[in-house]
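Remarks on the overall topology
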Amino acid sequence: MKPHYPILDGLRGTAAILVVVFHLFEAYFPVPANHPMHHGYLAVDFFYLLSGFVVGYAYDDRWGKMNVVDFFKIRLVRLHPLVILGVLVGAIAFYFDPYTNGMQHTSVVKLIGVTLLSFTLLPAPDVRGWNETHPLDGPCWSLLQEYIANIIYAVFARKMSKIVLWVIVIISAIALAWTAVWRGDVGTGWSFDTFWIAFVRMMFPFFAGLLLFRSAKLIHIPHAYIVCSVILIILFFMPTFKHNGIYEAACIIIAFPIVVAAGAGGQIAGRWAKLCKFSGEISYPIYIMHYPFIYIYTMWVATKKPTPQQIVPVACGMFIFFILLAYAALKLYDEPVRAWLKNRFLLKKQLIKE
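All of the points below concern the structure found in this document. What you see is a predicted model, and the numbers here were worked out from it, not measured in a lab.

With the rule as written, the count across this model stands at 30 aromatic pairs. Pairing Phe47 with Tyr287 gives two aromatic rings, centres 5.3 Å apart and planes at 70°, and the pair type is edge-to-face. Taken as a pair, Phe47 in helix 2 (residues 42-59) and Tyr287 in helix 10 (residues 270-289) lie far apart in primary sequence, 240 residues in all. The two residues Phe47 and Tyr287 agree in class, both being buried. A centroid spacing of 5.2 Å and a plane angle of 85° characterise the contact between Phe293 and Phe321, whose relative ring orientation is edge-to-face. Separated by 28 residues along the polypeptide, Phe293 in helix 11 (residues 291-304) and Phe321 in helix 12 (residues 308-346) bring together distant segments of the chain. A residue is classified by how much of its surface remains accessible, and Phe293, at 23% relative accessible area, is partly exposed. Clustering of aromatic rings is evident, with ring pairs tying together Tyr59, Trp63, Phe71, Phe72 and Tyr153. Its end group placed over the ring of Tyr295, Arg128 keeps NZ or CZ at 3.5 Å from the ring centre.

If you want it as structure tokens, here you go:
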């Protein structure tokens, strides 16, 4: 079995926790310019770059023993159980949300239909009024792009030479930079009117991560996990600039590949290794499970206008709750369900090595 890159696991956890903090702040600072973590949404672009690197590492040398359908099975087993749980929790939270009043405008039959459609990760009718493509569990918009990236990888990119991959990455970087400069940021892609930007945000980082793995250009620095985590925090908390789009494009195109290269090239042991393992394990569950509760929290802030003194203990309590929820979802649901699915669909062809 291949060894994992433990620091990359830890950095995925760092980024996921920063996403949670970003969303907790966002309820009180809905105007991006006022938000203390101005660039927190860039964690999604960092996730894509990590994913491209890890997918290449995990699967590039396995195509002689598996086909495209096998690959899709493996990825569905890895990712989709928590999609189902996140959407289901989102539907329940929407039904009982005391602030949105969404059920006054949505029938139970429509909510069931939207839930079933959301299980597939396809865009669903906007029952919330936020113009989201995935209104029951917002972060699912990025999972849809992850699936699209996996499809492109399995059908085309796994066979691409590095020269062709370089061409794809350069074109994608130009498209990303143009979009960032044109808009002034890349903080969108989850709404119906900016749905195309989600694809632009995915293309460069995912395939840049794949190219980074195939190029094997790693960076070796001491204390890589701490240094890279601090770099992410600084990048996300930097203020907005006059040329903000250039800054965000530079983060994705230049800074994030350096961070991943340093994370993959670093060494870790002891308590820090345990922290990386834990944060990596909860990174996906916390990302996909927290947002149904953010909807309620955000509408509580918007309707009740609590003071900062009232918000802080609630936000801190929710942060702790999200970590506990992620761990519970991992241990009580995700790992048992994936183990059953592996035994049922993957074990016969020995496809579960990662």
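On we go from here.
This structure, assessed with the given rule, holds 8 salt bridges. Measuring nitrogen to oxygen at the nearest pair gives 3.3 Å for the salt bridge that ties Arg12 to Asp9. Within this pair, Arg12 and its partner Asp9 are both found in helix 1 (residues 6-28), separated by 3 residues, close to a single helical turn. Linking Asp334 and Arg338 is a salt bridge whose minimum nitrogen-to-oxygen distance equals 3.0 Å. Of this pair, Asp334 and Arg338 both sit in helix 12, 4 residues apart, which is roughly one turn of that helix. Overall, Asp334 belongs to the buried group, its relative accessible area being 1%.

Bringing the nonpolar core into the picture now. The tendency in soluble globular proteins is for nonpolar side chains to be buried side by side. Grouped together as the largest cluster of nonpolar side chains are 110 residues, with contacts concentrated most on Phe207, Phe256 and Tyr297. Sort the elements by how many residues they give to this core and helix 2 lands first, with 12 residues. Beyond its immediate chain neighbours, meaning those up to four positions away, Tyr297 contacts Leu24, Ala27, Ile311, Val314, Ala315 and Met318.

Where nonpolar side chains cluster on the molecular surface, the patch consists of Leu88, Ile92, Tyr95, Phe96, Val108, Ile112 and Leu116 and spans about 700 Å² of accessible area. Element by element, the count of residues in the nonpolar patch is highest for helix 3 (residues 68-96), at 4 residues. When its relative accessible area of 45% is taken as the criterion, Ile92 is described as partly exposed.

A separate point is the packing of helix 8 (residues 224-237) against helix 9 (residues 244-265). Relative placement of two packed helices is described by the angle separating their axes and the distance separating the axes. As a packed pair, helix 8 and helix 9 sit with axes 10 Å apart at the nearest point and diverge in direction by 170°. Our classification of the angle between helix 8 and helix 9 gives roughly antiparallel. Along its contact with helix 8, which presents Ala224, Cys228, Ile231, Leu232, Ile234, Leu235 and Phe236, the element helix 9 presents Tyr247, Cys251, Ala255, Phe256, Val259, Ala262 and Gly263. For the contact of helix 8 with helix 9, the residue count by class is 13 nonpolar, 1 polar and no charged.

Moving on, we come to the packing of helix 3 against helix 12. Look at helix 3 against helix 12: their axes get within 10 Å of each other, and the N-to-C directions meet at 145°. Here helix 3 runs over helix 12; the crossing is right-handed. Of helix 12, the residues touching helix 3 (which contributes Lys73, Ile74, Val77, Arg78, Pro81, Leu82, Ile84 and Leu85) are Ala329, Tyr333, Asp334, Val337, Arg338, Leu341, Lys342, Phe345 and Leu346. Taken together, the residues that form the contact of helix 3 with helix 12 break down as 12 nonpolar, no polar and 5 charged.

Moving on: helix 11. If you check helix 11, its first and last C-alpha atoms are 19 Å apart, about what 14 residues at 1.5 Å a residue would give, namely 20 Å. By the burial criterion, the buried members of helix 11 are Tyr291, Pro292, Ile294, Tyr295, Tyr297, Thr298, Met299, Trp300 and Val301. Looking one or two residues beyond helix 11, the residue adopting positive phi is Lys305, at roughly 50°.

Turning our attention to the environment of Ala273. Turning to its location among the elements, Ala273 is positioned in helix 10. As a C-alpha pair, Ala273 and Ala177 span 96 residues in sequence and 35 Å in three-dimensional space.

One can find His134 in the loop between helix 4 (108-119) and helix 5 (140-155). Using a relative accessible area of 4% as the deciding quantity, one classes His134 as buried. Among the polar contacts made by the side chain of His134, one reaches the main-chain carbonyl oxygen of Leu121 at a distance of 2.7 Å. Once residues within four sequence positions are removed from consideration, His134 is found in contact with Leu121, Leu122, Pro123, Cys140, Trp141, Leu144 and Tyr295.

Arg338 gets classed as buried once you look at its relative accessible area, which sits at 12%. In contact with Arg338, other than residues within four places in its own chain, are Val77, Arg78, Pro81 and Leu330.

Let us look at unusual backbone geometry. It is generally the case that most residues other than glycine have a negative phi and that most peptide bonds are trans. Despite not being glycine, Ala216 has its phi angle at roughly 55°, a positive value. Topologically, Ala216 is positioned in the loop between helix 7 (195-215) and helix 8. Taking the relative accessible area as the measure of exposure, Ala216 reaches 56% and is therefore exposed. Positive phi outside glycine occurs at His223, with the angle close to 55°. With respect to the secondary-structure elements, His223 resides in the loop between helix 7 and helix 8. Relative accessible area serves as the criterion here: at 59%, His223 is assigned to the exposed category.

What counts and how
- Residues numbered from 1 in each chain as written.
- Predicted model: local features only at pLDDT ≥ 70, side-chain atom pairs only at ≥ 80, totals over all residues.
- Heavy atoms only, no water.
- Phe/Tyr/Trp six-rings, centres within 6.5 Å; stacked < 30°, edge-to-face > 60°.
- Helix = DSSP H or I, 4+ residues; strand = E, 2+ residues; numbered from the N terminus.
- Buried < 20%, exposed > 50% of the residue type's maximum accessible area, 1.4 Å probe, protein only.
- Lys NZ or Arg CZ within 6 Å of the ring centre and 35° of its normal.
- Salt bridge = Lys/Arg side-chain N within 4 Å of Asp/Glu carboxyl O.
- Core = buried A, V, L, I, M, F, W, Y, C linked by side-chain atoms within 4.5 Å.
- Contact = heavy atoms within 4.5 Å.
- Patch = residues over 30% accessible without salt bridge, like charges linked within 9 Å, V, L, I, M, F, W, Y side chains within 5 Å.
- Areas by Shrake-Rupley, 256 points an atom, 1.4 Å probe, with all protein chains shown as cover.
- Axes fitted to C-alpha atoms, helices over the stretch in contact; angles between N-to-C directions.
- Parallel < 35°, antiparallel > 145°, perpendicular 65-115°, else oblique.
- Nonpolar A, V, L, I, M, F, W, Y, C, P; charged D, E, K, R; others polar.
- Left-handed = near helix turned anticlockwise from the far one by under 90°.
- Expected span 1.5 Å × (residues − 1).
- Polar contact = N/O pair within 3.5 Å; in protein donor to acceptor, adjacent residues only side chain to side chain.

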